[in-house]
Amino acid sequence: MSFVKVAKTKPVRLTRQLLDGRSTCSRAAPMASCSLQPMNLRAPDLSQAWKTWKTQFLIYLRATGLDKESDARKVALMLHYLGPDCLKIYNSFNENLDSVKYDELETRFDAHFTPTANISFERHIFITRKQGSNESLEDYVTALTNLSLSCDLGALRESLIKDIFTCGLNESNHYIKEKLIRAGPIELNEAVELAKTASLTKAQMSQLSSAASFVGAINNQFQRRKRVNQSHTKRRKSVSPSTSPKNNYGSPSSNDSASTQICNYCHRRGHFVQCCFKKKSRTVHQLSTTEDLFLGMVECENVPSSDVKSLSWESAVHINNKEVICQLDTGAQTNIISLSKFTTLGLPNSNITPCSSRLI
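Only a predicted model underlies this, so the values are computations on that prediction, with no experimental measurement involved.

Draft legend 1. Up close: the overall build of the chain. When helices and strands are tallied, the chain shows 13 helices and 4 strands. Counting the 360 residues in the chain, one finds 24% classified as buried. Once local pairs closer than 6 in sequence are excluded, the contacts in the chain between residues at least 24 apart make up 52%. For the chain, the accessible surface area stands at approximately 26600 Å², while carbon and sulfur atoms represent 54% of it.

Below is the structure:
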């Protein structure tokens, strides 16, 4: 018979710290939740890629409280998040992982990824930088500020940024350039605020101008209708009958010779045959081949079509027992209809005759 020896174990004490989900290994939790990506060694600009990655890593250390950890822990974190491709670069430094300091390792990577800058070339890029056609003022001044960091400009940095910002504005912002030049010696932040204010003012004035154009178009259309109505009123007065009373056929109602005559055409009493309405043919006015006819139109710029349509005076007219929506009182000298609409009315094509009149 064999015996199995059972080792005694100490009971686990569930402290309040464990119940709350906190333990001594919780400091490693940020590594699992960090979204920091490895260093991209295939980036076209390795110097800028390294600066961006290093800044993100420092933000991560400070946000998680790991910036106060030991050098050994921070070195391990940096090499871990740099990725396996950067380990080959680290091995070329021939540093001891147990004794290397964090600042020393950061300096070695700085020297590897950031070669000696060509100040003349960096300044050339900075000075010749122009605002893009679709680039905002904020993006332009930010680009100039970033370019100036590698130009070693010293105390003249902000002054030169302001001057290049003024001179590099595109043609659409020429009015901003004039304001900045007239402003004289001002600081960079003042120049940027002045440029933003000028751009906002121009946008607001453009909106006010559009509203004024809409109101002006409405006033012009109402004035035109008023003139047309006045013209129609004068025309009615010019063709109105005289003050002497007349019967329905245009002949005097007094006891003159016409009042007792019987028309030889319609055989009704009270008018001569020359004044008989039934004898007169009612024909449509034919256009002269050399006649210029005015249609008239008010063009409204930047006005919604629904607003302009609400100003028109339309009515339903029945032609050949079919309803047609016609615009009335336009002030035009002739009536027009499209060929497609004419075709839907079922009228014979013989009613269409050639005409060389111009519509103006």
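Still more ground to cover, so stick around.
Draft legend 2. Region of the structure containing the pattern of salt bridges. Tallying each qualifying case throughout the model produces 7 salt bridges. Residue Glu95 pairs with Arg108 through a salt bridge whose shortest N-O separation is 2.8 Å. Highlighted residues: Glu95 in the loop between α5 (84–92) and α6 (102–113) and Arg108 in helix α6, separated in sequence by 13 residues. A relative accessible area of 31% means that Arg108 is categorised as partly exposed. We note a salt bridge from Lys162 to Asp163, for which the minimum N-O separation is 3.3 Å. Sharing partners across several salt bridges, the network here consists of Lys54, Glu106 and Asp110.

Draft legend 3. Up close: the environment of Glu135. The topology assignment puts Glu135 in the loop between α7 (119–127) and α8 (137–148). Setting aside residues no more than four positions away along its own chain, Glu135 makes contact with Arg129, Lys130, Tyr140 and Ala143. Of note is the side chain of Glu135, whose polar atom sits 3.0 Å from the side chain of Arg129.

Draft legend 4. Representation of the environment of Ala111. Here Ala111 shows up in helix α6. Overall, the relative accessible area of 57% leaves Ala111 in the exposed class. In this structure, the C-alpha to C-alpha distance between Ala111 and Ser47, residues 64 residues apart in sequence, is 9.7 Å.

Draft legend 5. Molecular detail of the side chain of Asn173. By the element assignment, Asn173 lies in the loop between α9 (157–167) and α10 (174–183). With a relative accessible area of 11%, Asn173 lands in the buried category. Setting aside residues up to four positions removed in sequence, Asn173 forms contacts with Gln131 and Leu137.

Draft legend 6. Structural detail: the side chain of Lys54. Relative to the helices and strands, Lys54 resides in helix α3 (residues 46–64). If we ignore the near neighbours within four places in the chain, the residues touching Lys54 are Glu106 and Asp110.

Draft legend 7. Representation of the packing of α3 against α6 within the structure. Between α3 and α6, the shortest axis-to-axis distance is 9 Å and the interhelical angle comes to 160 degrees. Taken as axis vectors, α3 and α6 run roughly antiparallel relative to one another. Counting all contacts with α3, which are made through Leu46, Ser47, Trp50, Lys54, Phe57, Leu58 and Leu61, the residues of α6 involved are Tyr102, Glu106, Phe109, Asp110 and Phe113. The class makeup of the residues in the contact of α3 with α6 is 8 nonpolar, 1 polar and 3 charged.

Draft legend 8. The arrangement of α3 in detail. The first and last C-alpha atoms of α3 sit 27 Å apart over 19 residues, in line with the 27 Å expected at 1.5 Å per residue. For α3, every residue scored as buried is listed here: Ser47, Ala49, Trp50, Trp53, Lys54, Phe57, Tyr60 and Leu61. Take α3 and look down its axis: the buried residues cluster within an arc of 155 degrees, on one side only. Facing away from the buried side of α3 by over 90 degrees, the exposed positions are Ile59, Arg62 and Ala63. Downstream of α3 by a residue or two, Gly65 has a phi angle that is positive, lying close to 75 degrees.

Draft legend 9. Quick peek at the packing of α8 against α9. Two numbers describe how α8 lies on α9: the axes approach to 10 Å, and their chain directions differ by 140 degrees. For the element pair α8 / α9, the angle class is oblique. Two packed elements cross with a definite hand, and for α8 against α9 that hand is right-handed. Listed contacts from α9 to Leu137, Tyr140, Val141, Leu144, Thr145 and Ser148 of α8 are Arg157, Ile161, Ile164 and Phe165. Tallied by class, residues from the contact of α8 with α9 come to 7 nonpolar, 2 polar and 1 charged.

Draft legend 10. Highlighting α6. If you check α6, its first and last C-alpha atoms are 17 Å apart, about what 12 residues at 1.5 Å a residue would give, namely 16 Å. Among the residues making up α6, those that are buried are Tyr102, Leu105, Glu106, Phe109 and Phe113. Each buried residue of α6 sits inside an arc of 100 degrees when the element is viewed along its axis, so together they form one side. For α6, the exposed residues set more than 90 degrees away from the buried face come down to Asp103, Thr107 and Ala111. For α6, the elements touching its buried residues are α3, α4 (71–82) and α5.

Rules used throughout
Residues numbered from 1 in each chain as written. Predicted model: local features only at pLDDT ≥ 70, side-chain atom pairs only at ≥ 80, totals over all residues. Heavy atoms only, no water. Helix = DSSP H or I, 4+ residues; strand = E, 2+ residues; numbered from the N terminus. Buried < 20%, exposed > 50% of the residue type's maximum accessible area, 1.4 Å probe, protein only. Contact = heavy atoms within 4.5 Å. Areas by Shrake-Rupley, 256 points an atom, 1.4 Å probe, with all protein chains shown as cover. Salt bridge = Lys/Arg side-chain N within 4 Å of Asp/Glu carboxyl O. Polar contact = N/O pair within 3.5 Å; in protein donor to acceptor, adjacent residues only side chain to side chain. Axes fitted to C-alpha atoms, helices over the stretch in contact; angles between N-to-C directions. Parallel < 35°, antiparallel > 145°, perpendicular 65-115°, else oblique. Nonpolar A, V, L, I, M, F, W, Y, C, P; charged D, E, K, R; others polar. Expected span 1.5 Å × (residues − 1). Arc of directions from axis to C-beta. Left-handed = near helix turned anticlockwise from the far one by under 90°.

Just distances and angles here, no functional claims.
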